[in-house]
Amino acid sequence: STGNSFQSQRSLHQSFRDAMLPDRGSKEGLGTNIYSVYADPESPETWEHFQVSKAKIVFSCMVGGQAAEVSLSRTLKKDGVPFLAITNSNNEAKELYEAGCRYVIQQEYLAAKVMKEILDDEIPKGKARAFDDKRREHKGELHDTMEDELSRQIHHFL
């Protein structure tokens, strides 16, 4: 969410079940149940306004919002709502767990874990073939993602 300024490039994304979809008066979210809302994701007033205490789950990707995530974690713990967050710091992860966060995803840990799995699969193939399949698969995914994004932008423009 962006505090009252689009320049901050911050957004709150909400996912709604079909029966709960808001009347947006626009094509935003067409084909998905995720909507961008321009509001301050670090503000308790935003949490109250968008009723995060009634959510099935809350997942935070705030960058530099540790204090807000700790506060939100405490609030959601009281309401029994599972809260998940992303961080790169062990200290931040510990602080979030102490505040009631259900699970903290550490990007560097996940990257190292995935890389170990990839190495376990690829090294036995030998130098000549190692990573060839992974490269092709990843390039294909990147191409598909670019086409999907372009189609979404064209559709949104129209």
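Structural notes, computed from the coordinates.

The rules behind these values
- Residues numbered from 1 in each chain as written.
- Predicted model: local features only at pLDDT ≥ 70, side-chain atom pairs only at ≥ 80, totals over all residues.
- Heavy atoms only, no water.
- Buried < 20%, exposed > 50% of the residue type's maximum accessible area, 1.4 Å probe, protein only.
- Helix = DSSP H or I, 4+ residues; strand = E, 2+ residues; numbered from the N terminus.
- Right-handed = clockwise from strand over helix to strand, strands pointing away.
- Pairing = 2+ DSSP bridges.
- Salt bridge = Lys/Arg side-chain N within 4 Å of Asp/Glu carboxyl O.

Focus: the pairing of strand 4 (residues 83–87)
Working step 1: Burial runs high along strand 4: 5 of the 5 residues are buried.
Working step 2: Here strand 4 shows two buried faces, one formed by Phe83, Ala85 and Thr87 and the other by Leu84 and Ile86.
Working step 3: Taken together, strand 3 (residues 58–60), helix 2 (residues 66–79) and strand 4 constitute a β-α-β crossover, and its handedness is right-handed.
Working step 4: Sheet topology note: the strand 4/strand 5 (residues 103–106) ladder contains 4 bridges and is parallel. Each bridged residue has a counterpart across the sheet, and for Ile86 the counterpart in strand 5 is Ile105.
Working step 5: Taking the sense of rotation as the criterion, the β-α-β connection linking strand 4, helix 3 (residues 90–99) and strand 5 turns out right-handed.

Quick word on the pattern of salt bridges
Working step 1: Counted under the stated rule, the structure contains 6 salt bridges.
Working step 2: Residues Lys125 and Glu122 are paired through a salt bridge, measuring 3.2 Å at the closest nitrogen-oxygen approach.
Working step 3: On the basis of relative accessibility, which here comes to 2%, the residue Glu122 falls in the buried class.
Working step 4: Its salt-bridge partner being Arg136, residue Asp133 comes within 2.8 Å of it at the nearest N-O pair. Here Arg136 and Asp133 lie together in helix 5 (residues 132–157), a separation of 3 residues that amounts to about one turn.
Working step 5: Linked through salt bridges whose partners overlap, the residues forming this network are Glu122, Lys125, Arg129, Asp133 and Arg136.

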